[in-house]
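What follows is the residue order along each chain.
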Amino acid sequence: MTQATKPLKAGTATFTSLSCKECGAEYEAKAIHVCEYCFGPLEVSYDYDAIRRHVTRESIQSGPNSIWRYKSFLPVATDTPIDVGTGMTPLVRSNRLARRLGLKKLYIKNDAVNMPTLSFKDRVVSVALTRAQELGFTTVSCASTGNLANSTAAIAAYAGLDCCVFIPADLEAGKILGTLIYSPTLMAVQGNYDQVNRLCSEVANTYGWGFVNINLRPYYSEGSKTLGYEVAEQLGWELPDHIVAPLASGSLFTKIYKGFQEFIKVGLVADKHVRFSGAQADGCSPIAEAFREERDFIKPVKPNTIAKSIAIGNPADGVYAVDIARKTNGNIESVSDREIIEGMQLLAETEGIFTETAGGTTVAVLKKLVEAGKIDPEESTVIYITGNGLKTQEAVQGYVGEPLTIEAKLDSFERALERSRTLERLDWQQVLV
Ligand SMILES: *Cc1c(COP(=O)(O)O)cnc(C)c1O
Ligand SMILES: [Zn+2]
């Protein structure tokens, strides 16, 4: 382990520039996201020697109880980032789900309780809006599948930034209301996410707004690395053997990988070969299809699934996600909407965690991989639960039964209880025959 000489001077940036993931061309760290030469995506570069000299396990542990304890690995210079308590969500050791699936060391990273809007998107938005302020933006925006709109509107409200967000018009009621409550301008676009995204690219070019996942995308996406750092720290500064995470654009998946690699590079954890497996819905699985067909390119699809938060038909980071799954000996699988609902139910009834459709997708893919023998029971496996089920209630409506309505009398209760026990017995008899 390297010895830190002294902490970083206040206001010091450890990031140096943006560089093209395809051709390596370097750019100043401004609000740009594509390479002028080859149209490749831009990514933030850091001075890892400086980080290695100044950052230790202890200096991280003495930092805030939020993603900002990892500020040296994030693309902001300020010492007063927007800190709404995002991150440091529980890593739960699974007992009952693990036993149900026959796994020995299963962990659940529970971003269903991330602050402030109950999805992992609070991580990327906290970073993007802090950087937006540094770059002088006063209006922020996004193209969202739902959670990003919630998060951008909430954190912009906290930071006092003007906010205009774009969503597909057919989103779940909870996601729409969970945006409107923060009083942004909300544009419900008649079209799917990919059409929303195209519209937003035009707006970003002409209005001078900070779009967290368009012109600020290089900064935004770095926020997902904290899902890698936290798991490493919460496992006692060790990496797991295998992770399973949902894929929409593929950004989250690739950044967990980058986070692990960076911790290895600066000596915070021992080197380890971590397997990366990804989860998609059958109704929108362009990345899983590319993986299955061993392609190096993504064929865009038209999404049709209840897992709306991960329904991106033309995923920007799809090829990088396929590459990581392949080189780490992982897998990318997809599951049906029915399996997604069962996944949500399974996680709830075994672990007491109510996740949204994206989490149901991840649990269902975990189950599928275990059944196919693609996860070893002895491997320490972390599944990433990225959103909260209260936001997608429509998905399970009609699958969870009804309450027993009774009169406020003891005999009414007793009759209802007897009836429900009989029904349960009948249910079991049906299972047995
Ligand atoms: C956005 C989102 C994802 C995936 O995001 P990408 O980084 O685009 O792959 C996963 N889960 C939930 C709940 C999301 O909202
Ligand atoms: Zn380039």
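Residues numbered from 1 in each chain as written. Chains lettered and ligands numbered in written order. Predicted model: local features only at pLDDT ≥ 70, side-chain atom pairs only at ≥ 80, totals over all residues. Heavy atoms only, no water.

A. Structural detail: a nonpolar patch on the surface. Taken together, L404, I406, L410, F413 and L417 make up a surface patch of nonpolar side chains, about 460 Å² in accessible area. Looking at where F413 falls in the secondary structure, it is placed in helix 15 (residues 410-432). Residue classification places F413 among the partly exposed positions, given a relative accessible area of 38%. (Patch = residues over 30% accessible without salt bridge, like charges linked within 9 Å, V, L, I, M, F, W, Y side chains within 5 Å. Areas by Shrake-Rupley, 256 points an atom, 1.4 Å probe, with all protein chains shown as cover. Salt bridge = Lys/Arg side-chain N within 4 Å of Asp/Glu carboxyl O. Helix = DSSP H or I, 4+ residues; strand = E, 2+ residues; numbered from the N terminus. Buried < 20%, exposed > 50% of the residue type's maximum accessible area, 1.4 Å probe, protein only.)

B. A look at the site of ligand 1. Neighbouring residues of ligand 1: 15 residues in total, closest K121, N147, S249, L252 and T386. Backbone polar atom of A248 to an oxygen atom of ligand 1: 2.9 Å apart, as the coordinates give it. Surface burial for ligand 1 is 98%, taken as the share of its 380 Å² of free accessible area covered by protein chains. Grouping the amino acids of the shell around ligand 1 by side-chain chemistry returns seven nonpolar, six polar and two charged. (Near = heavy atom within 4 Å. Polar contact = N/O pair within 3.5 Å; in protein donor to acceptor, adjacent residues only side chain to side chain. Nonpolar A, V, L, I, M, F, W, Y, C, P; charged D, E, K, R; others polar.)

C. How the structure looks around the packing of aromatic side chains. Per the stated rule, a full pass over the model turns up 13 aromatic pairs. One aromatic cluster is present, formed by Y70, F73, Y229, W237 and F263 through successive ring pairs. Sitting over the ring of Y320, K21 keeps its end group 4.1 Å from the ring centre. The ring of Y219 has R131 lying over it, and the distance from NZ or CZ to the ring centre is 5.1 Å. (Phe/Tyr/Trp six-rings, centres within 6.5 Å; stacked < 30°, edge-to-face > 60°. Lys NZ or Arg CZ within 6 Å of the ring centre and 35° of its normal.)

D. Quick peek at the sheet that holds strand 11 (residues 275-281). A sheet is described by the order of its strands in space; here six strands give the open sequence 4-5-13-10-11-12, paired in mixed fashion. Looking along the sheet, the strands with just one partner apiece sit at the ends: strand 4 (91-93) and strand 12 (332-335). When strand polarity is set aside, the average angle formed by the axes of neighbouring strands in this sheet is 25°. Here three bridges tie strand 10 (residues 242-246) to strand 13 (residues 380-385), and the two strands are oriented parallel to one another. The partner of I243 across the bridge, within strand 13, is V382. (Pairing = 2+ DSSP bridges. Axes fitted to C-alpha atoms, helices over the stretch in contact; angles between N-to-C directions.)

E. Layout of the nonpolar core. One finds F73, I243 and F263 to be the most contacted residues of the largest nonpolar core, which totals 77 residues. For this core, the leading source of residues is helix 10 (residues 251-265), giving seven residues. When residues no more than four places from it in sequence are discounted, the contact partners of I243 are F253, I256, F260, V274, R275, F276, S277, V382 and Y384. If you look at the next biggest cluster of nonpolar residues, it comprises 41 residues, including L97, A279, V370 and I383. (Core = buried A, V, L, I, M, F, W, Y, C linked by side-chain atoms within 4.5 Å. Contact = heavy atoms within 4.5 Å.)

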